[in-house]
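# Observations on the model geometry
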Amino acid sequence: DVSKAQAGSLDLEESEIDVAAAIRSVSLMQREKAAQAGVQIVQEVPDDLPRLLGDRRRLRQILQNLISNAVRFTSRGGTVAVAASLDRGCIAFVIADSGKGMAAADIPRAFDPFAGLGRLQDAGGGGTGLGLPLCKGLMELHGGTIALASQPGKGTIVTATFPPARTVKPNPAEK
């Protein structure tokens with residue numbers, strides 16, 4: 001999937017997606033893993049968030065990778081916050097963890113395939129180091145962006161932003 005996304009050969013199966021429902025569903029799937037790690041997942045998603053035009057399976061894949069990473073790198077007693085919002089017509093997801101974070105010099109490499117592999121192994125989390133590169137490719141396929149901010153000892157914040165063209169305008173008759 002990563003190589004296909006980078007080569008632009010992945011096709012999107014687009015439909016209207018209930019973003020709040022997708023976040024609730026993926027967070028629920030991660031809740032047991034988080035509980036075993038002693039990590040709490042909290043959601044901050046408005047119920048009136050517009051629908052997103054995108055590939056439902058790929059959106060869930062993005063959320064799954066980002067939430068899973070946040071849980072993996074957060075210590076017992078920590079928190080992973082999953083939020084979504086509408087800003088200037090763009091739907092954005094923000095996954096923030098209270099984990100160990102990473103040095104500024106490591107942030108650009110986090111999106112390179114296999115670059116995080118050593119860090120994943122050191123954290124005892126397994127993984128292939130392909131989650132963030134895949135998320136980046138899938139976001140770009142949707143015309144969106146993904147950004148990472150982190151500080152050692154302070155945690156990491158990943159923001160995935162879809163362009164306004166992906167936000168489904170509500171039908172006035174539905175109100």
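Data block above holds the structure.
Before going into details, it helps to say that this report is about the structure given with it. Since the structure is predicted, the reported quantities are computational estimates derived from the model, not experimental observations. (Residues numbered from 1 in each chain as written. Predicted model: local features only at pLDDT ≥ 70, side-chain atom pairs only at ≥ 80, totals over all residues. Heavy atoms only, no water.)

### Concerning the packing of helix α3 (residues 56–72) against helix α5 (residues 131–141)
Stated formally: To get an axis, a line is fitted to the C-alpha atoms, and for a helix only the part in contact is used. The angle between two axes follows their N-to-C directions and goes from 0 to 180 degrees. Strands here are runs of E lasting at least two residues and helices are runs of H or I lasting at least four, both read from the DSSP assignment and numbered beginning at the N terminus. Each crossing gets its handedness from the near helix: less than a right angle anticlockwise from the far helix is left-handed, clockwise is right-handed. By definition, residues are in contact when any of their heavy atoms lie within 4.5 Å. Under the scheme applied here, ten amino acids are nonpolar (Ala, Val, Leu, Ile, Met, Phe, Trp, Tyr, Cys and Pro), four are charged (Asp, Glu, Lys and Arg), and all others, including Gly, are polar.
Contact geometry for α3 and α5: axes closest at 9 Å, N-to-C directions at 145 degrees. Considering how the two elements wind past one another, α3 and α5 form a crossing that is left-handed. Contacts between α3 and α5 involve Arg58, Gln61, Ile62, Asn65, Leu66 and Asn69 from the first element and Gly131, Leu132, Leu134, Cys135, Leu138 and Met139 from the second. Here the contact of α3 with α5 is built from residues that sort into seven nonpolar, four polar and one charged.

### What about the packing of aromatic side chains?
This is how the line gets drawn: Stacked, tilted and edge-to-face are the three classes applied to pairs of Phe, Tyr and Trp rings, where Trp contributes its six-membered ring and a pair requires centres within 6.5 Å; stacked means planes under 30 degrees apart, edge-to-face means over 60, and tilted covers the rest. Think of it in three bands: residues with accessible area under 20% of the maximum for their type are buried, residues over 50% are exposed, and the middle band is partly exposed, with areas taken using a 1.4 Å probe on protein chains only.
According to the stated counting rule, one finds one aromatic pair in the structure shown. Pairing Phe93 with Phe162 gives two aromatic rings, centres 5.5 Å apart and planes at 85 degrees, and the pair type is edge-to-face. With Phe93 in strand β5 (residues 90–97) and Phe162 in strand β7 (residues 155–162), this pair connects stretches of sequence that are 69 residues apart. Of the residues examined, Phe162 reaches a relative accessible area of 1% and is grouped as buried.

### Thoughts on the environment of Met102
Position of Met102 among the secondary structure elements: in the loop between β5 and α4 (117–122). Take Met102: its relative accessible area is 6%, and that puts it in the buried class. Taking the C-alpha atoms as reference, Met102 lies 8.8 Å from Ala149; in sequence the two are 47 residues apart.

### Let's talk about the packing of helix α2 (residues 19–37) against α3
Between α2 and α3, the shortest axis-to-axis distance is 10 Å and the interhelical angle comes to 35 degrees. In this structure, α2 meets α3 at a crossing whose hand is right-handed. On α3, the residues touching Ala22, Ile23, Ser25, Val26, Ser27, Met29, Gln30, Lys33 and Ala34 of α2 are Leu59, Arg60, Leu63, Gln64, Ile67, Ser68, Val71 and Arg72.

### Brief notes about the pairing of strand β6 (residues 145–151)
To keep it simple, the criterion reads: Pairing between two strands is assigned when DSSP locates at least 2 bridges connecting them.
With burial as the criterion, only one face of β6 is covered, namely that bearing Ile146, Leu148 and Ser150; the residues Thr145, Ala147, Ala149 and Gln151 on the opposite face remain uncovered. Of the pairings in the sheet, the one linking β6 to β7 comprises seven bridges and is antiparallel in character. Bridge pairing in β7 places Leu148 opposite Val158. Linking β6 to β7, which pair antiparallel, is a turn of three residues; within it Gly153 sits at a positive phi near 80 degrees.

### What to know about the sheet that holds strand β2 (residues 40–44)
Taken in spatial order, the five strands of this open sheet run β2-β4-β5-β7-β6, and their pairing is mixed. Each edge of the open sheet is held by one strand with a lone partner, namely β2 and β6. Looking at each pair of strands side by side, their axes are set apart by 15 degrees on average, direction ignored. Bridge analysis of strand β4 (residues 79–87) against β5 gives eight bridges, and the strand direction is antiparallel. Looking at β5, one finds that Val82 is bridged to Ile95. Across the sheet, α3 touches β2, β4, β5, β6 and β7, and the angle it forms with β5 is around 25 degrees. Sheet contacts for α5: β6 and β7; angle to β6, the most-contacted strand, approximately 145 degrees.

### Comments concerning the pattern of salt bridges
What counts, and what does not: Salt bridges, as used here, are contacts in which a Lys or Arg side-chain nitrogen is within 4 Å of a carboxyl oxygen on Asp or Glu.
As enumerated under the stated definition, the model contains five salt bridges in all. Between Arg166 and Glu14 there is a salt bridge, and its shortest N-O distance comes to 3.1 Å. Taken together, the residues span a long stretch of sequence, with Arg166 in the segment after β7 and Glu14 in strand β1 (residues 14–17) at a distance of 152 residues. Taking relative accessible area as the criterion, Glu14 reaches 42% and is therefore assigned partly exposed. Asp47 is the partner of Arg24 in a salt bridge, and the nearest nitrogen-oxygen pair spans 3.9 Å. One end of the pair, Arg24, is in helix α2; the other, Asp47, is in the loop between β2 and β3 (52–55), with 23 residues separating them in the sequence. A relative accessible area of 40% means that Arg24 is categorised as partly exposed.

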